[in-house]
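# Chains, contacts and geometry: an overview
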Amino acid sequence: MRRIFSGIQPTGIIHLGNYLGAIKQWVEMQDKVDESIFCVVDLHAITVRQDPEKLRQATLSTAAWYLACGVDPEKSAIFIQSTRPEHTELGWILNCYTQIGELERMTQFKDKSNHEKTGTGAGLLTYPTLMAADILLYQATNVPVGEDQVQHVELTRDIAKRFNNLYGQTLVVPEYSTKIAGKRIMGLDDATKKMSKSAPSEYNYIALSDSPEKIMQKVKKAVTDSGTQIQHDTDQPAISNLLNIFSEITNQEVTEIEDQFLGKGYGEFKIALGQAIIDFLAPIQAKHNELMANPQHLEAILRAGSEKIAPLAQKTLSDVKQKIGLINL
Ligand code: ATP
Ligand code: LTN
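Report on the accompanying structure. (Residues numbered from 1 in each chain as written. Chains lettered and ligands numbered in written order. Predicted model: local features only at pLDDT ≥ 70, side-chain atom pairs only at ≥ 80, totals over all residues. Heavy atoms only, no water.)

## So, the site of ligand 2
Contacts to ligand 2 come from 13 residues, most closely from H44, Y127, M131, D134 and Q149. The separation between a nitrogen atom of ligand 2 and a polar side-chain atom of Y127 is 2.6 Å. The separation between a nitrogen atom of ligand 2 and a polar side-chain atom of D134 is 2.6 Å. Among the elements of the structure, strand 1 (3–8) and helix 7 (122–137) are those that each provide at least two residues to the shell around ligand 2. Broken down by element, the residue count for the shell around ligand 2 peaks at four residues, all from helix 7. Here the shell around ligand 2 is composed, by residue class, of seven nonpolar, five polar and one charged. (Near = heavy atom within 4 Å. Polar contact = N/O pair within 3.5 Å; in protein donor to acceptor, adjacent residues only side chain to side chain. Helix = DSSP H or I, 4+ residues; strand = E, 2+ residues; numbered from the N terminus. Nonpolar A, V, L, I, M, F, W, Y, C, P; charged D, E, K, R; others polar.)

## Regarding the pairing of strand 2 (residues 35–40)
Burial within strand 2 is extensive, with five of its six residues counted as buried. Each parallel crossover has a hand, and the one from strand 1 via helix 1 (residues 16–29) to strand 2 is right-handed. Pairing of strand 2 with strand 3 (residues 76–80) involves five bridges; the strand directions are parallel. Across the sheet, residue C39 finds its bridge partner in strand 3, namely F79. (Buried < 20%, exposed > 50% of the residue type's maximum accessible area, 1.4 Å probe, protein only. Right-handed = clockwise from strand over helix to strand, strands pointing away. Pairing = 2+ DSSP bridges.)

## Observations regarding the environment of F5
Residue position: F5 is located in strand 1. In this structure the C-alpha to C-alpha distance between F5 and T59, which are 54 residues apart in sequence, comes to 18 Å. Not counting chain neighbours up to four residues away, the residues in contact with F5 comprise I37, C39, F79, H87, D134, I135, Y138, A140, N142, V143 and P144. (Contact = heavy atoms within 4.5 Å.)

## What to know about the site of ligand 1
Around ligand 1 lies a shell of 19 residues, among which D148, I185, K194, S196 and S198 are the nearest. Between Q9 and ligand 1, the recorded distance is 3.2 Å, taken from a backbone N or O atom to an oxygen atom. Within the side chain of H15, an N or O atom sits 2.7 Å from an oxygen atom of ligand 1. Alone, ligand 1 offers 590 Å² of accessible surface; in the complex the protein occludes 96% of this. Per-element accounting of the shell around ligand 1 gives the leading share, four residues, to helix 1. Class assignment for the residues of the shell around ligand 1 results in six nonpolar, nine polar and four charged. (Areas by Shrake-Rupley, 256 points an atom, 1.4 Å probe, with all protein chains shown as cover.)

Next comes the structure, spelled out in structure tokens:
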């Protein structure tokens, strides 16, 4: 029995890194596994301060991007994290089985703490125990994520093993999968840092919602390396990143693209890449707009997703409570 679980935070835009690192794998895997569950993790988003109206909008929009990119509600359950109370309940319990030191060691915590105007909230520290709860509640066997989330899935595995050692087999220990392992999508303005929606400049990322003009402008402005060849090379991180993006969205091998642009300049390559991204995103954007124009339909899909997976979440939570000595009435 293979069951996958994954999620993205509804914090503004969804970018190509999110698509290539996470959503693309989800779409491929939903046909290969027995069950797939995809969540919009709004409770994770509130670990930093959010504008309430924007958060509501971003939550629906993120779900609409899942669907527009090809997640099929007939095959996969799509739901909003906060609509299932079992997540926070199990999250609290798992907090009590996690060491502060383990949480302080998380790279994401180290990166994000001390950067907030409102101070570092406790939620930023305990973020991974809620993520562990998301995964363990559904006894997921596999978690498709981008490379930056691997550390959190490893902690989830440790927590599950610890719990099973204490109380006997209760939680499935999940595996992670990273499709573009070693090929994390990097920022267009700085190829040494990952493409990120919290980057200071919008020239760091291509948002799935960017207009054709904006996409072309961003690709043309993308930093390149000191060389002149269109070649994938560890010494050429910027052009290698652009080649990875080209390869992933056109489903061509990097070497095929290198051959195509042999002896040609960066300018010509960038225009072709910009156009490929525009063509790739056009039908996805049209579908997203259609979904956002009918929020009742979207909410119905999210409600159905939440109802479909409820028995699984309730069963795990009840087993956990039973094992640790809480009373299930
Ligand atoms: P932030 O940069 O603000 O932390 P984010 O852009 O990383 O946000 P998340 O919601 O944290 O977005 O990530 C959603 C999914 O996208 C995760 O599976 C993550 O690993 C993946 N992902 C995010 N950025 C990249 C990237 N640059 N390359 C590949 N995968 C990525
Ligand atoms: N931390 C993840 C989002 C996330 C997630 C999950 C991913 C929350 N819960 C469960 C996979 C499985 C991130 O992308 N920042």
